[in-house]
Amino acid sequence: NAGVMQNPRHLVRRRGQEARLRCSPMKGHSHVYWYRQLPEEGLKFMVYLQKENIIDESGMPKERFSAEFPKEGPSILRIQQVVRGDSAAYFCASSRDRVDGNTIYFGEGSWLTVV
Amino acid sequence: DAKTTQPPSMDCAEGRAANLPCNHSTISGNEYVYWYRQIHSQGPQYIIHGLKNNETNEMASLIITEDRKSSTLILPHATLRDTAVYYCISGGGADGLTFGKGTHLIIQP
């Protein structure tokens with residue numbers, strides 16, 4: 001059973017470009033979570049999605065960031081017009097159901113570097 | 001803000017049991033206690049979780065106090081590869097899991 005798959009693992013973007021990070025949840029999982037980890041800091045929740053729906057985006061920056069989880073295909077975290085402060089590790093996680101009592105499994109992350 | 005309190009760092013000798021404490025005094029009745037660890041530059045790895053009863057799996061044991069205000073993660077025979085940041089999380093619901101600063105466990109040879 002494959003785990004949570006994220007790609008690309010490493011991404012370099014120039015300031016002002018767009019970054020797209022993809023996440024394929026574990027088989028049978030319909031709940032996806034995105035977290036961001038800035039250098040030397042802890043993980044910060046960004047957004048929680050269920051197929052085709054955003055359930056909680058309270059941790060998403062108000063501008064330039066968006067997320068989707070279409071009916072078919074991976075979840076996408078999109079960052080428009082990237083700035084140096086966006087350089088971070090972005091982790092995707094998935095669960096079979098709501099987090100209550102269910103295990104959330106994390107991917108290995110996508111490292112974004114903005115130059 | 002995280003709803004748990006953990007010591008920032010701990011040392012443990014290789015081969016000994018590592019006991020990592022966590023305070024979650026504001027935990028509500030339907031919230032679980034989860035433990036994850038993160039080895040440098042890797043994704044968080046699930047260890048164990050529980051609600052009221054003590055739990056054990058192939059990685060660790062979780063001891064939850066009767067009042068559920070604190071818990072202890074036990075790694076029975078620590079190895080150098082167990083050096084990592086360990087996160088204790090209490091949560092549930094649509095906001096995912098809120099990570100705090102965790103405990104940096106260093107296993108000494």
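See the structure shown above.
Rules of the game
- Residues numbered from 1 in each chain as written.
- Chains lettered and ligands numbered in written order.
- Predicted model: local features only at pLDDT ≥ 70, side-chain atom pairs only at ≥ 80, totals over all residues.
- Heavy atoms only, no water.
- Phe/Tyr/Trp six-rings, centres within 6.5 Å; stacked < 30°, edge-to-face > 60°.
- Helix = DSSP H or I, 4+ residues; strand = E, 2+ residues; numbered from the N terminus.
- Buried < 20%, exposed > 50% of the residue type's maximum accessible area, 1.4 Å probe, protein only.
- Pairing = 2+ DSSP bridges.
- Axes fitted to C-alpha atoms, helices over the stretch in contact; angles between N-to-C directions.
- Contact = heavy atoms within 4.5 Å.
- Salt bridge = Lys/Arg side-chain N within 4 Å of Asp/Glu carboxyl O.
- Polar contact = N/O pair within 3.5 Å; in protein donor to acceptor, adjacent residues only side chain to side chain.
- Nonpolar A, V, L, I, M, F, W, Y, C, P; charged D, E, K, R; others polar.

### Considerations on the packing of aromatic side chains
Here is step 1 of the chain: Evaluation of the coordinates by the stated rule reveals 12 aromatic pairs over all chains.
Here is step 2 of the chain: Here Tyr35(A) and Phe45(A) contribute two aromatic rings whose centre-to-centre distance is 5.8 Å and whose plane-to-plane angle is 75°, an arrangement assigned as edge-to-face. Within this pair, whereas Tyr35(A) is found in strand 4 (residues 31-37), its partner Phe45(A) is found in strand 5 (residues 43-50), the two being separated by 10 residues in sequence.
Here is step 3 of the chain: Residue Tyr35(A) is classed as buried on the basis of its relative accessible area of 0%.
Here is step 4 of the chain: What makes Phe45(A) buried here is its relative accessible area of 14%.
Here is step 5 of the chain: Arranged with centres 5.9 Å apart and planes meeting at 65°, the rings of Tyr105(A) and Tyr46(B) form a pair that is edge-to-face. Here Tyr105(A) is found in strand 10 (residues 105-106), whereas its partner Tyr46(B) is found in strand 4 (residues 45-50) on a different chain.
Here is step 6 of the chain: Members of the aromatic cluster, joined through ring pairs, are Tyr35(A), Phe45(A), Tyr105(A), Phe106(A), Tyr36(B), Tyr46(B), Tyr87(B) and Phe99(B).

### What about the sheet that holds strand 8 (residues 75-79) of chain A?
Picture the strands of a sheet paired through backbone hydrogen bonds; they go either parallel or antiparallel.
Residues and elements named next belong to chain A.
Here is step 1 of the chain: Strand order in this open sheet of four strands is 1-3-8-7, and the pairing throughout is antiparallel. Every other strand in the sheet has two partners, leaving strand 1 (5-7) and strand 7 (65-68) as the edge strands with one partner each. In this sheet, neighbouring strand axes are inclined to one another by 15° on average, regardless of whether the strands run parallel or antiparallel.
Here is step 2 of the chain: In the sheet, strand 3 (residues 19-24) pairs with strand 8 via five bridges, with the strands oriented antiparallel. Considered in strand 8, the bridge of Arg 22 is made with Ile 76.

### Observations concerning the interface of chain B and chain A
Here is step 1 of the chain: Contacts between the two partners involve 19 residues from chain B, matched on the other side by 22 residues from chain A.
Here is step 2 of the chain: Here chain B and chain A share zero salt bridges between them.
Here is step 3 of the chain: Linking chain B to chain A there are four residue pairs in polar contact (both at pLDDT 80 or more).
Here is step 4 of the chain: For the side of chain B that touches chain A, the secondary structure elements donating two or more residues are strand 3 (32-38) and strand 4 of chain B.
Here is step 5 of the chain: Among the elements that line the side of chain B that touches chain A, the one with the most residues is strand 3 of chain B, at four residues.
Here is step 6 of the chain: A per-class count over the side of chain B that touches chain A returns nine nonpolar, nine polar and one charged.

Purely geometric numbers; function is a separate question.
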